[in-house]
Amino acid sequence: MRTGRYAALAAVVVLAVAGCAKDDTGGTTESGVALVKSGTLTTCTHLPYAPFQSKDASGKVVGFDVALIDLVATRLGVTQSIVDTPFEGIKSGADLNSGKCDVAAAGMTITDERKQVLDFSEPYFDATQALNTLAGKEVKTLEELKGRRIGVQGGTTGDDYIKAQVKEKNLDLEVVAYKDLAALQQALATNQVAAAVGDLPVWNEYIKENPGQAVVTAGFDTGEQYGFAVKKGNATLLKAVNDAIAAARTDGTYDKIYAEWIGAKPAS
Ligand code: GLN
């Protein structure tokens, strides 16, 4: 009776251990960086966000951010794997906290609010906001959009900026938030909104890819800087990210990646 009970208990333990072994419980690189999946640097992003991250013709996620995080992965001796997930979970820190990914790379602006819940890398890109309309329907100021609809991407700095402007200047504008960039661009293309506001580099890319359709009619110099993010307190991974960016800036790799994905650098 007694032996039987122990045998049953042992069987349960063996099953439990075998069950766990099937899941990857993470790993540690040679340089001592803990990762959620062994041999992989798992990146959370929110697609599409060309030229920072978008799918190429073969379905592979490519772009400026992808190329920079590849450098981090190489330094760690692992390969990058990208998870597409809503921006809310990225900026709130939830995805990093729950172990969905090791790093967030999503054309994400460093803000004081986000710094409370994420640890950001050194800035790797400067951005501003752009006001966009369809060609032939140019509107250059928010005031001129009186009584009309303006589209933003929900939960982004562009969304925050426009809502703050509406409040501050008491503008008569209906702000419509879309779930991703593709939905926002579609809304502009189909006249659901009279104008759209978002990060200048992604709108420049859209205009390049769809010539003659939309135009940037004004810029708002919000002085934004993009940063990659890790889970709060993950200093070893943050250092690897910062080291990779610094090395790329020094050895010319950053400029090469910039030229490939963004184009000529603005004269400074
Ligand atoms: N840079 C903007 C922000 O951080 C938009 C980012 C994005 O949509 N991926 O809010």
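The sections below set out a description of the structure shown in this document. Values in this document were obtained by computation on a predicted structure and should not be read as measured data.

1. A word on helix α9 (residues 235–251)
- Look at α9: 24 Å from first C-alpha to last across 17 residues, which is about the 24 Å you get at 1.5 Å a residue.
- Among the residues making up α9, those that are buried are Leu237, Leu238, Ala240, Val241, Asn242, Ala244, Ile245 and Ala248.
- In this structure, the buried residues of α9 make contact with β3 (40–45), α2 (64–76), β8 (119–120), β14 (229–230) and α10 (253–261).
- At the C-terminal side of α9, Gly252 shows a positive phi close to 90°.

2. Examining empty space enclosed by the protein
- Per the stated rule, a full pass over the model turns up two cavities of 30 Å³ or more.
- Estimated volume of the largest cavity: approximately 170 Å³.
- Taken together, 21 residues make up the lining of the largest cavity; nearest its centre are Tyr49, Gly107, Gln153, Thr156 and Asp199.
- For the lining of the largest cavity, the leading source of residues is strand β12 (residues 195–199), giving three residues.
- Within the lining of the largest cavity, the residues separate by chemical class into nine nonpolar, ten polar and two charged.
- Lining of the second largest cavity is provided by Thr43, Thr45, Gln53, Asp65, Val66, Ile69, Gln80, Ile82 and Ala105.
- Among the elements of the structure, β3, α2 and β6 (79–84) are those that each provide at least two residues to the lining of the second largest cavity.
- Looking at the lining of the second largest cavity element by element, the count peaks at three residues for α2.
- The residue makeup of the lining of the second largest cavity, split by class, is four nonpolar, four polar and one charged.

3. Re the layout of surface pockets
- The calculated volume of the second largest pocket comes to roughly 160 Å³.
- Contributing to the lining of the second largest pocket are Pro48, Ala50, Ser54, Leu181, Gln185, Val202, Glu205, Tyr206, Glu209 and Asn210.
- Contributing elements (two or more residues each) for the lining of the second largest pocket: α7 (181–189) and α8 (200–209).
- Of the residues forming the lining of the second largest pocket, the biggest block, four residues, is contributed by α8.
- Within the lining of the second largest pocket, the residues separate by chemical class into five nonpolar, three polar and two charged.

4. With respect to the packing of α2 against α10
- Where α2 contacts α10, the two axes come as close as 9 Å, and the packing angle between them is 155°. Of the possible angle classes, the one that applies to α2 and α10 is roughly antiparallel. Remark: the crossing between α2 and α10 carries right-handed chirality. In contact with Phe64, Ala67, Leu68 and Leu71 of α2, α10 contributes Thr253, Tyr254, Ile257, Tyr258 and Trp261.
- Grouping the constituent residues of the contact of α2 with α10 by class yields eight nonpolar, one polar and no charged.

5. Details of unusual backbone geometry
- At the junction of Leu47 and Pro48, the peptide bond is cis and its omega measures out at -10° in the coordinates.
- As for its placement among the helices and strands, Pro48 is situated in the loop between β3 and β4 (54–55).
- For the bond running from Ala50 to Pro51, omega is 10°, close enough to zero to count as cis.
- For Pro51, the position within the fold is in the loop between β3 and β4.
- Of note, Asn170 is a non-glycine position whose phi angle comes to about 50°, a positive value.

6. A closer look at the state of the cysteines
- Enumeration according to the criterion identifies one disulfide in this entry.
- Disulfide pairing places Cys44 opposite Cys101 at an S-S distance of 1.6 Å. One end of the pair, Cys44, is in strand β3; the other, Cys101, is in the loop between α4 (94–97) and β7 (103–104), with 57 residues separating them in the sequence. The exposure classification of Cys44 matches that of Cys101, with both residues buried.

7. Structural notes on the site of the ligand
- The environment of the ligand is made up of Tyr49, Phe87, Ala106, Gly107, Met108, Thr109, Arg114, Gln153, Thr156, Thr157, Asp199 and Tyr226.
- In the environment of the ligand, a nitrogen atom lies 2.7 Å from a nitrogen or oxygen atom belonging to the backbone of Ala106.
- With respect to the ligand, the side chain of Arg114 contributes an N or O atom lying 2.7 Å from an oxygen atom.
- For the ligand, the protein covers 100% of the area, taking 300 Å² as the surface of the free molecule.
- For the ligand, the cavity whose grid points lie within 2 Å of the majority of its atoms is the largest cavity.
- For the shell around the ligand, the residue count by class is five nonpolar, five polar and two charged.

Conventions adopted
Residues numbered from 1 in each chain as written. Predicted model: local features only at pLDDT ≥ 70, side-chain atom pairs only at ≥ 80, totals over all residues. Heavy atoms only, no water. Helix = DSSP H or I, 4+ residues; strand = E, 2+ residues; numbered from the N terminus. Expected span 1.5 Å × (residues − 1). Buried < 20%, exposed > 50% of the residue type's maximum accessible area, 1.4 Å probe, protein only. Contact = heavy atoms within 4.5 Å. 1 Å grid on protein atoms, 1.4 Å probe; cavity = no way out; pocket = protein on both sides within 12 Å on 5 of 7 lines; lining within 4 Å. Points joined across faces, edges and corners; volume = space filled by probe spheres on them. Nonpolar A, V, L, I, M, F, W, Y, C, P; charged D, E, K, R; others polar. Axes fitted to C-alpha atoms, helices over the stretch in contact; angles between N-to-C directions. Parallel < 35°, antiparallel > 145°, perpendicular 65-115°, else oblique. Left-handed = near helix turned anticlockwise from the far one by under 90°. Disulfide = S-S within 2.5 Å. Near = heavy atom within 4 Å. Polar contact = N/O pair within 3.5 Å; in protein donor to acceptor, adjacent residues only side chain to side chain. Areas by Shrake-Rupley, 256 points an atom, 1.4 Å probe, with all protein chains shown as cover. Sits in = over half its atoms within 2 Å of the grid points.

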